[in-house]
Amino acid sequence: TRKESSAASDVYKRQLQNLDDAARQNVLSFIQSESAKAKIQTSVTQFTDRCFKKCVSAPITNDALSGAEQTCMADCVNRFLDTNIRVLHMLQATQR
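Numbers given to residues run from 1 along each chain, matching the order in which its sequence is written. Given that this is a predicted model, residues contribute local features only at a pLDDT of at least 70 and side-chain atom pairs are listed and counted only at 80 or more, while totals for whole chains, interfaces and linings are drawn from all residues. Computation of side-chain values: all heavy atoms of the structure, hydrogens and water removed.

## Describing the overall build of the chain
Working step 1: Counting its secondary structure elements, the chain contains three helices and zero strands.
Working step 2: The buried share of the chain, reckoned over its 96 residues, is 8%.
Working step 3: With the model as given, the accessible surface of the chain reaches about 8200 Å², and the carbon-plus-sulfur share is 56%. In this text, helices come from DSSP runs of H or I with a minimum length of four residues, and strands from runs of E with a minimum of two, each type numbered from the N-terminal end. Note on classification: 1.4 Å probe, protein chains only; a residue is buried when its accessible area is under 20% of the maximum for its type, exposed when over 50%, partly exposed between these limits. The protein chains shown are the only cover counted for residues, whose accessible areas, like all others here, come from Shrake-Rupley with a 1.4 Å probe.

Below, the structure written as C-alpha cells:
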C-alpha cells in the first residue's frame, strides 16, 4: 500500500542521511543507473511487443518466424532504435 511504501521510503531516506557524502553519492548514482536500465528495458519490451503484433499475424506453428516476419521484425525494431537515438541526440543538443 501507499502508507507502507511511504514508510519504507522514509526509512531509506534516514539511512541515506547516515552515510557520508561519498557513500551517499555512490548509492544515488547506483539508483539512477538502475532506474535508467529499467526504463530502457521497458522501452525495449514495448517496441518489441508492438513490432511482434505488427509483423506476426499468423499463428506460430514452429519454433521460428518466417523470413518475411524476421525481416519485418528487424526493420521495425531498427526503426524504433533509430528514432530513439535521434530523439536522444535532439534532447542532448537542446541541453547544451
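## Some remarks on the nonpolar core
Working step 1: Only buried residues count toward a nonpolar core. Its members are Ala, Val, Leu, Ile, Met, Phe, Trp, Tyr and Cys residues joined through side-chain atoms within 4.5 Å. In terms of nonpolar packing, the biggest core is built from seven residues, these being F47, C51, C55, V56, M73, C76 and V77.
Working step 2: Only α2 (21–55) and α3 (67–95) provide two or more residues apiece to this core.

## Re the confidence of the model for the chain
Working step 1: Known as pLDDT, the predictor's confidence for each residue is given on a scale from 0 to 100. Taken as a whole, the chain shows an average pLDDT of 84; of its residues, 89% reach a score of 70 or greater.
Working step 2: The least confident element of the chain is helix α1 (residues 2–17), whose mean pLDDT is 66; the most confident is α3, at 89.

## Brief notes about the pattern of salt bridges
Working step 1: We define a salt bridge as a contact between a side-chain nitrogen of Lys or Arg and a carboxyl oxygen of Asp or Glu at a distance within 4 Å. In this structure the tally under the stated criterion is three salt bridges.
Working step 2: Notably, a salt bridge pairs R24 with D21, separated by 2.9 Å at the nearest N-O pair. Taken together, the positions of R24 and D21, both in helix α2 and three residues apart, correspond to about one turn of that helix.
Working step 3: For R24, a relative accessible area of 25% translates into the label partly exposed.
Working step 4: Note that K37 is salt-bridged to E34, the shortest N-O span being 3.2 Å. Here K37 pairs with E34, and both are found in helix α2, just three residues apart, close to one helical turn.
Working step 5: Its relative accessible area of 33% is what places E34 among the partly exposed residues.

## Considering the state of the cysteines
Working step 1: Only a pair of cysteine sulfur atoms within 2.5 Å counts as a disulfide in this structure description. The tally for this structure, following the rule as stated, stands at two disulfides.
Working step 2: In this model, C51 is linked to C76 through a disulfide, with the two sulfur atoms separated by 2.0 Å. Measuring handedness by torsion sign, the sulfur bridge of C51 and C76 sits at about -80 degrees and is left-handed. Here C51, found in helix α2, pairs with C76, found in helix α3; they are 25 residues apart in sequence, far enough to count as distant.

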